[in-house]
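Observations on the three-dimensional arrangement
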Amino acid sequence: MKHISSPNNALIRHVEQLQRKSKARKKEGLFIIEGQREVILAAQGNFVIEQLLICGPILFNKTAFDSVEVYSHLKIDQQPEIISVTEEVYEKLAYRSGTEGCLAFAKAKSQLVSDLKLSENPLILIAESTEKPGNLGALLRTADAAKVDAVIIANPTADLYNPNVIRSSVGCVFTVPTAVASTAEVVTFLKEKNINLYAATLQTSDRYDLLDYQKSSAIAVGTEATGLSQEMRDAATANIIIPMSGAIDSMNVSVSAAILIFEAKRQRNFQ
């Protein structure tokens, strides 16, 4: 088993580059996963894990271990190359504390809307131009909790495999079918599939709980600053709004999405 003790090792520099740079992730089709739960969810979601960097003193409270022990501990069927690293090296790489001594190189998946496999009566969450990785991660976590058919990211400004997205989604980036497309592509896709589009917006909107989401539905949320694009609003079957009684007229996008998605789930008897 290969062992790395130098923080200046070329592979360690490669990890840091993939953590920091979206351009590098997209060019290589690789990204970094941190944490046991996240690695397990990625493997269960059929993401290909190419290499595992393991810190034995953190993962097992011991320095001597073997590949079989790692696979058994992480409960993954894949058998990527395992590389042992020292605590000094791991602490340099760890994006957050409490991730139990495990980092992985994983291959990105295709994110085409045409690759999505939907049920006969799908429920989809659309996030348009979400700027903050933390918000995108929270939206994916909501989508997993509601078990929607898919999340479509329209006109993305945040990289799906940004470490902050993975962290804030608590690994749900690996559990929810996800596609990335332009708004125009999303609108075309929904029309071709005869999926009703409900746009969360302040303009000429109906109260969200007065509409029927029992048929094929997509609920679209936009940025907290400017909301959905005119293109998305124009394509909507209906515009919807969450009535608010306070001094402000908007909430965090992931909170709004959760309210809307779970109203649709309620109408569907949470099926």
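Relevant structure appears above.
Residues numbered from 1 in each chain as written. Predicted model: local features only at pLDDT ≥ 70, side-chain atom pairs only at ≥ 80, totals over all residues. Heavy atoms only, no water.

1. Section: the nonpolar core
Ranked by size, the top nonpolar core spans 57 residues in total, and within it Leu52, Ile54, Phe174 and Ile219 carry the most contacts. Sequence-distant contacts of phenylalanine 174, that is, excluding residues within four places in its chain, are made with Phe31, Ile33, Glu38, Leu41, Ala42, Gly45, Phe47 and Ile166. If you look at the next biggest cluster of nonpolar residues, it comprises 20 residues, including Ile124, Ile152, Ala179 and Ile195. (Core = buried A, V, L, I, M, F, W, Y, C linked by side-chain atoms within 4.5 Å. Buried < 20%, exposed > 50% of the residue type's maximum accessible area, 1.4 Å probe, protein only. Contact = heavy atoms within 4.5 Å.)

2. Quick word on the pairing of strand S8 (residues 178–181)
In terms of strand pairing, strand S7 (residues 150–154) meets S8 through four bridges, oriented parallel. When the bridges of S8 are listed, isoleucine 152 appears paired with alanine 179. For the segment spanning S7, helix H8 (residues 163–168) and S8, crossover handedness is right-handed. (Pairing = 2+ DSSP bridges. Helix = DSSP H or I, 4+ residues; strand = E, 2+ residues; numbered from the N terminus. Right-handed = clockwise from strand over helix to strand, strands pointing away.)

3. Examining the sheet that holds strand S2 (residues 30–34)
Taken in spatial order, the five strands line up as S1-S4-S3-S5-S2 in an open sheet, and their pairing is mixed. In the strand order of this sheet, the two ends are held by strand S1 (2–4) and S2, each with one partner. Adjacent strand axes in the sheet meet at a mean angle of 25° when their direction is disregarded. Strands S2, strand S3 (49–54) and strand S5 (102–107) of the sheet are contacted by helix H3 (residues 36–44), whose axis makes an angle of about 130° with S2. (Axes fitted to C-alpha atoms, helices over the stretch in contact; angles between N-to-C directions.)

4. As for helix H9 (residues 183–192)
Within the span of H9, buried status applies to Thr183, Val186, Val187, Phe189 and Leu190. The buried side chains of H9 occupy one side of the element, clustering within an arc of 160° when seen end-on. The exposed residues of H9 that point more than 90 degrees off its buried face are Lys191 and Glu192. Contacts from the buried residues of H9 go to strand S6 (123–128), S7, S8, strand S9 (196–200), strand S11 (217–221) and helix H10 (230–235). (Arc of directions from axis to C-beta.)

5. So, the layout of surface pockets
Its volume calculated, the largest pocket comes out at about 410 Å³. Looking at the lining of the largest pocket, the elements with two or more residues in it are strand S12 (238–241) and helix H11 (253–267). Per element, the largest residue contribution to the lining of the largest pocket is three residues, and it comes from H11. Its volume calculated, the second largest pocket comes out at about 320 Å³. Lining the second largest pocket are 17 residues, with Lys109, Ser110, Val176, Pro177 and Thr178 sitting closest to its centre. (1 Å grid on protein atoms, 1.4 Å probe; cavity = no way out; pocket = protein on both sides within 12 Å on 5 of 7 lines; lining within 4 Å. Points joined across faces, edges and corners; volume = space filled by probe spheres on them.)

6. A short note on a positive patch on the surface
A contiguous patch of positive charge on the surface is contributed by Arg20, Lys21, Lys23 and Lys27. Among the structural elements, lysine 23 can be located in helix H2 (residues 22–28). Since its relative accessible area comes to 72%, lysine 23 is described here as exposed. (Patch = residues over 30% accessible without salt bridge, like charges linked within 9 Å, V, L, I, M, F, W, Y side chains within 5 Å. Areas by Shrake-Rupley, 256 points an atom, 1.4 Å probe, with all protein chains shown as cover. Salt bridge = Lys/Arg side-chain N within 4 Å of Asp/Glu carboxyl O. Lys, Arg positive; Asp, Glu negative; His and termini not counted. Charge placed at Lys NZ, Arg CZ, Asp CG, Glu CD.)

7. What to know about the sheet that holds S7
If you walk across this open sheet you meet the seven strands as S8-S7-S6-S11-S9-S12-S10, and the pairing is parallel. The two strands at the open ends of the sheet, each matched to only one other strand, are S8 and strand S10 (206–207). The pairing of S6 with S7 spans five bridges and is classified as parallel. Following the sheet pairing, glutamate 128 is matched in S7 by alanine 154.

8. Remarks on the pattern of salt bridges
Using the criterion set out here, one finds six salt bridges in the structure. Between glutamate 69 and lysine 62 there is a salt bridge; the shortest N-O distance is 2.9 Å. Here arginine 266 makes a salt bridge to glutamate 263, at a shortest N to O gap of 2.8 Å. Pair noted here: arginine 266 and glutamate 263 are both in helix H11, with a separation of three residues, about one helical turn.

9. Observations regarding the environment of glutamate 224
Within the fold, glutamate 224 resides in the loop between S11 and H10. The partly exposed category is assigned to glutamate 224, whose relative accessible area is 34%. For the pair glutamate 224 and tyrosine 90, spaced 134 residues apart in sequence, the C-alpha separation works out to 36 Å. Look past the residues within four positions of glutamate 224 in its chain and what remains in contact with it is Asn135, Met251, Asn252 and Val253.

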